Amino acid sequence: MQHVRLAGMLVLCLAGLLPVNSLAQPPGQAPGSSYVYIIPYVTTENNSRSNLGLNGYILDSIAKGPNPSANVLVQLYDPQGNLAGSGNYVVQPNQLIQVNNVISALGGTIGTGYLLISSDEPITAWASVIFNETNDPSIELAIDLQTRKPIAYVEGIARGEFLTRLLIQSSVKSGTFQSSLVVVNFSTSGGPFTIDTYDNNGGLLGSKTVTIGISGMYVDNDIRGSFPGSFGEIVITPGQGTSLRLVANSIVKSANGTGAFFPAFTLPKGEEISFAGIYEGTVTGTLMNGQIKLELHQERQMLYGLLTVVSGSFPTTTKTIPIYGQAADNEPAALQNGRVADTDSAGTIYSLRIIGEDLHVDRKELDGKLWFQDINGRSGVSDFSLTRSGSIF
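What comes next is a walk through the structure. (Residues numbered from 1 in each chain as written. Predicted model: local features only at pLDDT ≥ 70, side-chain atom pairs only at ≥ 80, totals over all residues. Heavy atoms only, no water.)

Considerations on the sheet that holds strand E11 (residues 123–131)
Pairing is antiparallel in the open sheet, where 4 strands are placed in the order E9-E4-E11-E12. Looking at the sheet topology across the chains shown, the edges are occupied by strand E9 (96–99) and strand E12 (136–141). Between one strand axis and the next, the sheet turns by 20° as a mean value, whatever way the strands run. Bridge count between strand E4 (residues 48–56) and E11: 9 bridges; the pairing is antiparallel. Across the sheet, residue Asn55 finds its bridge partner in E11, namely Thr124. (Pairing = 2+ DSSP bridges. Helix = DSSP H or I, 4+ residues; strand = E, 2+ residues; numbered from the N terminus. Axes fitted to C-alpha atoms, helices over the stretch in contact; angles between N-to-C directions.)

This is the structure:
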């Protein structure tokens, strides 16, 4: 059987065994904060106003104990990345603090900007952009900027160093409707990014490259203005070789001001492959030898599922083991379990890794190695050969 090197890999990202994203803190992050969020767009322009909501929800804290209050700093930045205002708030568990007309409440005199929110305890945040004439609101949720997330768990962020992209799922320029586009760069460096505009059949209508500065903001209130009568996706791609970290959203709005946000959706790299399904086959070795089944789920780059020992010898009585990892190319393929207590045998499984090495040309079979280690020093490596037997549901 002919083989090819696996292009869309399952990459281990657990317990320091492979590095997660090592990125500088966002510009302006408050000292002493452990949680950082961004709201990409607030405005007083186009007959609009913007309110901010802060919600406390954590009920226990290592640092503060039960029912901790969150000390929150909200910073307003203008489109050039300059600090334009700020305010401090204390949010209690299950409390909602609403800051009306947030730009002026923070001391800002700008028309449009974005909010960087730092907190010493977890919170959620949101903004409503309200059309003054009708009081119709458009709601946008804050994006979590925790910078050391494994790539698979990133939502709403494109990173140039990892070649991820952003998708605005729908935009329009037709009849009484039009769409905006807002892109914010929260990297400590600037650079170019590309905006690709598609029609509803997936045809590329146009592409343009924009340069954005450190902590800068790009706003186009009519992003499809060059393509009247069209609707479809927009894809935002950081420039090759940049370290841009971009967030984005879009408002689709009618002529009477009624609208709603489309938050950007993080896309994996174009080379990546889909894996979800059930795989069954053999594992051959001294410590592990028999039949196994792999049930693999996928959400974008995030992979997780269950490894089941169907028959044969295995160094633990635990026969169903949860596993997780992420899909990426040009890395050894790997899925890793968390620590699994096995009270009926020698001890805790310290490491179980599924290393996929080759994907058959017909993309139905996966070969690789299964690595095992426990806290008592037992370890072994077995070969596996799995065939995709069907879908999960």
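Regarding the packing of aromatic side chains
This structure, assessed with the given rule, holds 3 aromatic pairs. Both rings, one in Tyr41 and one in Phe261, keep their centres 6.3 Å apart while their planes meet at 65°; by these two values the pair is edge-to-face. Of this pair, Tyr41 sits in strand E3 (residues 35–43) while Phe261 sits in strand E23 (residues 259–263), placing them 220 residues apart in sequence. Phe261 shares its class with Tyr41; the two are buried. Summarising the aromatic geometry, the rings of Tyr77 and Tyr114 are spaced 5.4 Å apart at their centres and angled 10° between planes, so their arrangement reads as stacked. Of this pair, Tyr77 sits in strand E7 (residues 70–77) while Tyr114 sits in strand E10 (residues 112–119), and the two are 37 residues apart along the sequence. Judged by its relative accessible area of 3%, Tyr114 is buried. Here Arg300 stacks its cationic end above the ring of Phe265, 4.5 Å away from the centre of that ring. (Phe/Tyr/Trp six-rings, centres within 6.5 Å; stacked < 30°, edge-to-face > 60°. Buried < 20%, exposed > 50% of the residue type's maximum accessible area, 1.4 Å probe, protein only. Lys NZ or Arg CZ within 6 Å of the ring centre and 35° of its normal.)

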